[in-house]
Amino acid sequence: MTSDIGLAILGCGVVGTGTIELLARRNQTIAARLGRPITVRHVVVRDLAKSRPVLDPSTRVHTDALAAINDPAVSVVVELIGGLSPARSLIEHALRLGKSVVTANKSLLAAHGPALFQLARQHNQVIAFEASCAGGIPIIDALTRGLCANDIRQIVGIINGTCNFILSKMSLENLSYADALKGAQQAGFAEADPTLDVSGRDAAQKLAILSSLAFSQQVSEGDVSCTGIDTLDAREITFARELGYTIKLLATGTRDLATSRLALSVSPTLVRHTDMLADVSGGFNAVSVWGDAVGHTLFYGKGAGSLPTASSVVSDIISVATGQAKLLFDSATVWPDLTARASIMPADAVLQRSYLRLAAVDRPGVLARVTDILGQHGISLGAVLQHEAADETHVPVIITTHLARRGNLLLAIEQIDALDVIGAPTVHLPILDSPGE
Ligand SMILES: NC(=O)c1ccc[n+]([C@@H]2O[C@H](COP(=O)([O-])OP(=O)(O)OC[C@H]3O[C@@H](n4cnc5c(N)ncnc54)[C@H](OP(=O)(O)O)[C@@H]3O)[C@@H](O)[C@H]2O)c1
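Residues numbered from 1 in each chain as written. Predicted model: local features only at pLDDT ≥ 70, side-chain atom pairs only at ≥ 80, totals over all residues. Heavy atoms only, no water.

### Points about the site of the ligand
- Residues in contact with the ligand amount to 22 residues; listed here are only the nearest, Cys12, Asp47, Lys50, Arg52 and Gly305.
- Val15 places a main-chain nitrogen or oxygen 2.8 Å from an oxygen atom of the ligand.
- Here an oxygen atom of the ligand sits 2.7 Å away from a polar atom, N or O, in the main chain of Gly305.
- Here the ligand has 900 Å² of accessible area as a free molecule, and 79% of this is covered by the chains. (Near = heavy atom within 4 Å. Polar contact = N/O pair within 3.5 Å; in protein donor to acceptor, adjacent residues only side chain to side chain. Areas by Shrake-Rupley, 256 points an atom, 1.4 Å probe, with all protein chains shown as cover.)

This is the structure we're talking about:
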């Protein structure tokens with residue numbers, strides 16, 4: 001055998017630990033496949049006092065990331081620290097020294113992906129990042145290789161396991177958002193500070209990365225209109241169910257055929273019970289991609305966790321070591337440093353079906369006034385649901401609409417909410433509408 005492939009693994013937390021465990025478990029098959037072994041030369045951490053049973057006693061564990069990257073025996077740097085700093089400068093340092101990088105860092109790529117890819121190209125290296133989106137699901141490989149014969153029109157993902165876990169709990173156990181969040185924290189599915197997840201920002205970062213590749217346009221997190229699950233009322237789940245829908249936090253990217261502009265959003269969204277995405281529950285992720293040749297595809301699996309995410313990291317390490325990652329990085333034209341800034345459709349122009357919940361006085365003629373306003377804005381109704389009034393002064397009236405411009409819907413809601421028979425701001429959520437086969 002020729003010389004080994006030396007790794008510096010920066011970070012030995014959830015994903016770093018899984019990566020080291022999986023590399024050890026697959027040691028022989030990887031060496032046979034590559035014709036040479038992979039050796040973990042350095043593991044870099046912040047706190048040397050932490051116990052790390054996964055590490056072989058001979059592994060060099062230390063806190064000096066630069067020394068690890070500078071080691072001439074290291075050819076691939078695996079960044080599993082997360083966040084922007086020092087991850088960004090460490091990756092830049094590695095690339096400048098002519099070392100390729102594997103990373104799981106969606107925040108960094110969503111914020112600085114194009115500049116980092118450009119730097120990798122200048123130094124004839126590659127950045128592999130399968131683990132940055134949807135954990136163990138090989139969705140980046142699918143978008144850049146498996147589906148490259150397609151013109152992709154839409155990508156829809158359940159790509160935040162924490163939110164999916166919370167929504168599943170709310171739905172299956174009839175819990176409020178606050179109680180479901182508490183359950184998710186106790187089960188280890190939500191952080192003590194869950195803001196990045198429940199605000200939808202984590203999903204928006206992943207959507208930025210995935211839609212850049214799917215549509216060959218440079219997308220950043222700020223291009224994604226974002227609503228989280230933190231303001232979702234459990235009543236929406238109950239009413240949606242009565243109408244044949246379930247609510248999922250969907251990250252949706254759609255390319256307008258006529259203009260090529262992208263509509264990008266993260267939002268709690270109604271999904272038909274018969275749609276396979278409705279069955280994705282707990283901490284699982286799924287990404288549905290619609291291509292003009294293949295039609296609908298659905299990729300399903302664990303979107304986080306130590307070994308599932310390590311599955312993607314190790315696959316990237318192998319792909320970098322075999323040269324396949326570099327070949328694709330050099331030949332495909334989808335990488336964000338090679339594409340133009342995305343043209344984003346203004347949120348008001350997006351066409352969507354919607355769910356509305358109005359708080360209306362239970363009196364004859366109210367519905368007629370509401371439908372009249374919707375009609376004036378070119379919005380036609382799908383379904384209407386109203387329960388008999390209990391003792392409340394206002395009763396919930398649920399309306400679903402056919403396709404309409406979001407801007408028109410918002411104007412109509414403004415007028416509806418100004419009526420003297422409406423007692424609270426109208427709640428509105430999008431309904432998933434996918435291209436047909
Ligand atoms: N967790 C998942 O399921 C998952 C899934 C997909 C993608 N990711 C991504 O994977 C990356 C790592 O996530 P994680 O969950 O493994 O994080 P984590 O458990 O918090 O681990 C982070 C590791 O980085 C080390 N570290 C932090 N700051 C450092 C510094 N300045 N210098 C050296 N080491 C430092 C920490 O050291 P100590 O151990 O000494 O504290 C720890 O070992 C993130 O980009 C994340 O978004 C995670």
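### Regarding helix H14 (residues 366–376)
- When H14 is considered as a whole, its buried residues turn out to be Val366, Val370, Ile373 and Leu374. Seen from one end, H14 has its buried residues packed into an arc of 100°, which puts them on one side.
- Tucked into the core, H14 has its buried residues touching strand S13 (351–361), strand S14 (381–386), strand S15 (394–401) and helix H15 (406–417).
- Directly beyond the C-terminal end of H14, a positive phi value near 75° is found at Gly378. (Buried < 20%, exposed > 50% of the residue type's maximum accessible area, 1.4 Å probe, protein only. Helix = DSSP H or I, 4+ residues; strand = E, 2+ residues; numbered from the N terminus. Arc of directions from axis to C-beta. Contact = heavy atoms within 4.5 Å.)

### Focus: the packing of aromatic side chains
- In the structure shown here, the tally under the stated rule is 7 aromatic pairs.
- Their ring planes at 45° and their centres at 6.4 Å tell us that Phe117 and Trp335 sit as a pair that is tilted. Of this pair, Phe117 sits in helix H5 (residues 106–122) while Trp335 sits in the loop between helix H13 (324–331) and S13, and the two are 218 residues apart along the sequence.
- A ring pair is formed by Phe284 and Tyr300, whose centres lie 5.0 Å apart and whose planes are at 0°; its orientation type is stacked. Residue Phe284 is located in strand S11 (residues 284–291), and its partner Tyr300 is located in strand S12 (residues 295–302); the two are separated by 16 residues in the primary sequence.
- With a relative accessible area of 27%, Phe284 lands in the partly exposed category.
- When the ring centre of Trp290 is taken as reference, the NZ or CZ atom of Arg153 above it lies at 4.6 Å. (Phe/Tyr/Trp six-rings, centres within 6.5 Å; stacked < 30°, edge-to-face > 60°. Lys NZ or Arg CZ within 6 Å of the ring centre and 35° of its normal.)

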